[in-house]
Amino acid sequence: MSALLEVRGLEVAIGGLPILRGVDMEVRPGEILGVVGETGAGKSMTARSILDLLPAKATASFATCAFAGQDFIPPKARQEARGHRIGFVPQRPRGSLNPVFRVGNQLSATLRRLRDMGRRDARREALDLLRSVRITDPARVYRSFPHELSGGMCQRVCIAIALAGEPELIIADEPTTGLDVTIQAEILRLLGEVISERNAAGMLITHDLGVVADVCDRVAVMYAGRVVNVGATAEMYREALHPYPNRLVSIATSLDSGGTPREVPGRVPNPGDDLAACAFAPRCFRAGPGCFDEEPPRVARAGQVAFCHHPIDTGMVPR
Ligand SMILES: Nc1ncnc2c1ncn2[C@@H]1O[C@H](COP(=O)(O)OP(=O)(O)OP(=O)(O)O)[C@@H](O)[C@H]1O
Ligand SMILES: [Mg+2]
């Protein structure tokens, strides 16, 4: 199946320090790809590179960047797609809404800009979009200022704004940070539903492996600026090839919290650190000498691709 979005060899540096070190990622038509990994792994930087929203001091280069067959390496192509073909759901909904305008007017303004609509059509479409994100009283919400709405409501509005341009891909970067735990799963499930209803595709960046299991078709696992393992969600959760996600999943799914570490032991490397050939090697329970000196080989097995000298033998390794 040819990819909707294909990114190969994405490298990003900030102030001379490598942040992304050759990210390969694809999103297929109609799928939701989960992107996971510990803090600092480069998830947001990957999304921002695709949207051409990197900090001014960052430099980025792609070996390949293509969207629906179009070359996306020129920054202009990525800028033009933003909002129109690729919708973005931000991390902090309240912060991304303008506090001095009613949310309905912000949504209408987006519709007028992206879809060239008149005032009246934009208002009608805005109310429809609010309804489509399961807001039961769209007229009231339309008239509200952001501070009059809950965080979850603001995020529904932001999802509506991301949908305004009828995008083919929706990228959501930790869209539930700061929201009440009970609301988080609801918003993420809603996002999954609205993406599927539109036959669009999604890239969902999250720390919540439970949500990934619920919502995502495939999952890409990032570590120290690279994707180290990618595969169908079911296969990855059954037995991830790479020791890092394998450990992440077993921690997330273990019921016993007493005495069991809740995190992968060891420290996440910082940009500029001296990295082993496999950046995860110093924390890896399967690492051997080769892992420190030789680039990990690509292993494709069990519906997954991983980069590892000692991948898990699916089904054979005790946890
Ligand atoms: N504006 C910036 N200037 C310098 N370094 C940055 C900047 N933004 C991010 N970085 C660094 O880039 C690396 C990747 O950051 P990124 O935000 O992509 O991580 P992430 O995987 O999204 O983490 P999180 O889960 O915490 O959101 C981190 O080491 C981070 O410190
Ligand atoms: Mg991030």
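The rules behind each value
- Residues numbered from 1 in each chain as written.
- Chains lettered and ligands numbered in written order.
- Predicted model: local features only at pLDDT ≥ 70, side-chain atom pairs only at ≥ 80, totals over all residues.
- Heavy atoms only, no water.
- Axes fitted to C-alpha atoms, helices over the stretch in contact; angles between N-to-C directions.
- Helix = DSSP H or I, 4+ residues; strand = E, 2+ residues; numbered from the N terminus.
- Parallel < 35°, antiparallel > 145°, perpendicular 65-115°, else oblique.
- Left-handed = near helix turned anticlockwise from the far one by under 90°.
- Contact = heavy atoms within 4.5 Å.
- Near = heavy atom within 4 Å.
- Polar contact = N/O pair within 3.5 Å; in protein donor to acceptor, adjacent residues only side chain to side chain.
- Areas by Shrake-Rupley, 256 points an atom, 1.4 Å probe, with all protein chains shown as cover.
- Nonpolar A, V, L, I, M, F, W, Y, C, P; charged D, E, K, R; others polar.
- Pairing = 2+ DSSP bridges.
- Buried < 20%, exposed > 50% of the residue type's maximum accessible area, 1.4 Å probe, protein only.

Moving on to the packing of helix α5 (residues 119-132) against helix α7 (residues 151-163). The interhelical angle for the contact between α5 and α7, taken along N-to-C directions, is 125°, at an axis separation of 9 Å. Viewed along their axes, α5 and α7 adopt a mutual orientation that is oblique. Classified by chirality, the crossing of α7 by α5 is right-handed. Where α5 abuts α7, its residues L129, L130 and S132 lie against V157, A160 and L163.

A few words on the site of ligand 1. Close to ligand 1 lie 15 residues, the nearest being T39, G40, K43, S44 and H207. Backbone polar atom of M45 to an oxygen atom of ligand 1: 2.9 Å apart, as the coordinates give it. Here H207 contributes a side-chain N or O atom positioned 2.8 Å from an oxygen atom of ligand 1. Burial of ligand 1 by the protein chains amounts to 68% of its free accessible area of 630 Å². When the residues that make up the shell around ligand 1 are grouped by side-chain class, the tally is six nonpolar, five polar and four charged.

Bringing the packing of α7 against helix α8 (residues 181-197) into the picture now. The relative placement of two packed helices comes down to the angle between their axes together with the axis-to-axis distance. As a packed pair, α7 and α8 sit with axes 11 Å apart at the nearest point and diverge in direction by 15°. By the criterion of interaxial angle, the relationship of α7 to α8 is roughly parallel. As α7 packs across α8, the resulting crossing turns out to be right-handed. The segment α7 lies against α8, with G152, Q155, R156, I159 and L163 engaging I183, E186, I187, L190, L191 and V194. In terms of residue class, the contact of α7 with α8 is built from seven nonpolar, two polar and two charged.

Of the pairings in the sheet, the one linking strand β1 (residues 5-14) to strand β2 (residues 17-27) comprises eight bridges and is antiparallel in character. Looking at the pairing, I14 lines up with L17 of β2. Where β1 folds back onto β2 in an antiparallel hairpin, the turn is made up of two residues, including G15, whose phi is positive at roughly 55°. Relative to strand β5 (residues 64-67), β1 runs antiparallel, the two sharing four bridges. Looking at the pairing, V7 lines up with C65 of β5.

Here we come to unusual backbone geometry. Of note, D116 is a non-glycine position whose phi angle comes to about 55°, a positive value. When you line up the elements, D116 lands in the loop between α4 (103-115) and α5. Positioned with a positive phi, A224 is a non-glycine residue whose angle comes to about 45°. Note that A224 resides in the loop between β10 (218-223) and β11 (226-232). Overall, the relative accessible area of 14% leaves A224 in the buried class.

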